[in-house]
Amino acid sequence: MKIWKLFGILLLSVLVIFFGAEFFLGKGESSTSDAALYYEERVRALESELATLKNEQYRAVAAYREEIRVLEAALAESRGVYLYAVANGEITLTGYTGKEKNVTLPREIDGVPVTSVGKETFKNTAVESVVLHDGIRSLGWFAFSGCLGLKSVIIPSSVEKIEYGCFDGCPSLTISCAKGSFAEKYAKSYGIPYAAN
């Protein structure tokens, strides 16, 4: 029983410290139920404030994401049908948003030479034929993978590197290339039909 009394005194002391002595020991106007009521109201106010802050944060994040989506769409539109990265004065294509099925890659974009087709650039697109110009030096990982309708790719002798899986999932593909070129060796090693001129 003494423990409960000590606990009660300790609790009352903490409440007096927390809420202030006047609240409990004032002119008889306050009671323990007033303290509990005050505490409940304060908790409700804090919960409401927290909910408001969470809603504001959610709306801010949603607005931020929408702004990013709009900017990315505008950027893609301004670049035409190709997404790309510029490094060291050269362009690597990184995506294709066009609807054309017969594609000839640009030699340059805004005066900067296109030298590479990057990873997954045309992956799963509906392209049927692609002509690469003689300034292209490399084709990235899975660059044309999953292009089920791809029948023809003309690869110039300037291409020195074709990464793994570049033409995976292109069952109708025939590669056109120069005799003795890297593209011919690649086609032979992967069992891809080719025509070397």
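You'll find the structure just up there.
What counts, and where the lines are drawn
- Residues numbered from 1 in each chain as written.
- Predicted model: local features only at pLDDT ≥ 70, side-chain atom pairs only at ≥ 80, totals over all residues.
- Heavy atoms only, no water.
- Helix = DSSP H or I, 4+ residues; strand = E, 2+ residues; numbered from the N terminus.
- Buried < 20%, exposed > 50% of the residue type's maximum accessible area, 1.4 Å probe, protein only.
- Contact = heavy atoms within 4.5 Å.
- Areas by Shrake-Rupley, 256 points an atom, 1.4 Å probe, with all protein chains shown as cover.
- Pairing = 2+ DSSP bridges.
- Axes fitted to C-alpha atoms, helices over the stretch in contact; angles between N-to-C directions.
- Salt bridge = Lys/Arg side-chain N within 4 Å of Asp/Glu carboxyl O.
- Polar contact = N/O pair within 3.5 Å; in protein donor to acceptor, adjacent residues only side chain to side chain.
- Phe/Tyr/Trp six-rings, centres within 6.5 Å; stacked < 30°, edge-to-face > 60°.

Draft legend 1. How the structure looks around the overall build of the protein chain. When you go through the protein chain residue by residue, the secondary structure sums to four helices and 11 strands. Every one of the 197 residues in the protein chain was classed for burial, and the buried ones make up 29%. Counting contacts in the protein chain only where the partners sit at least 6 residues apart, residues at least 24 apart contribute 27% of the total. As presented, the protein chain carries roughly 13,100 Å² of accessible surface, and 58% of it is formed by carbon and sulfur atoms.

Draft legend 2. Examining the sheet that holds strand E3 (residues 102-104) more closely. Reading across the sheet, the five strands line up as E3-E6-E8-E10-E11 and stay open at both edges, with parallel pairing between neighbours. Strands at the two margins of the open sheet, each flanked by one partner only, are E3 and strand E11 (194-196). Adjacent strand axes in the sheet meet at a mean angle of 10 degrees when their direction is disregarded. With three bridges joining them, strand E8 (residues 152-154) and strand E10 (residues 174-177) adopt parallel strand pairing.

Draft legend 3. Representation of the pattern of salt bridges. This structure, assessed with the given rule, holds six salt bridges. The partner of arginine 107 in a salt bridge is aspartate 134, with the nearest N and O atoms 2.9 Å apart. Note that arginine 107 is positioned in the loop between E3 and strand E4 (108-109) and aspartate 134 in the loop between strand E6 (129-131) and strand E7 (138-139), a separation of 27 residues in sequence. No difference in accessibility class separates arginine 107 from aspartate 134, as the two residues are exposed. Between glutamate 163 and lysine 161 there is a salt bridge whose closest N-O contact spans 3.3 Å. The exposure class assigned to lysine 161 is partly exposed, which follows from its relative accessible area of 45%.

Draft legend 4. Region of interest: the side chain of threonine 125. When you line up the elements, threonine 125 lands in the loop between strand E5 (112-117) and E6. Separated by 2.7 Å, the side chain of threonine 125 and the backbone oxygen of phenylalanine 122 make a polar contact. Setting aside chain neighbours within four positions, we find threonine 125 in contact with Tyr96 and Cys147.

Draft legend 5. View of the packing of aromatic side chains. Per the stated rule, a full pass over the model turns up nine aromatic pairs. A centroid spacing of 6.2 Å and a plane angle of 50 degrees characterise the contact between tryptophan 141 and phenylalanine 142, whose relative ring orientation is tilted. According to the relative accessible area criterion, tryptophan 141 is partly exposed, its value standing at 43%. Each residue in the set Tyr82, Tyr96, Phe122, Phe144, Phe167, Tyr186 and Tyr190 is aromatic and connected to the rest through ring pairs, giving one cluster.

Draft legend 6. Looking closely at the environment of lysine 179. Within the element layout of this structure, lysine 179 appears in the loop between E10 and helix H4 (182-190). Here the alpha-carbon distance between lysine 179 and serine 157, two residues 22 residues apart in the chain, equals 8.7 Å. Contacts of lysine 179, omitting those with residues within four sequence positions, involve Glu184, Ala196 and Asn197.

Treat this as a map of the structure, not an account of what it does.
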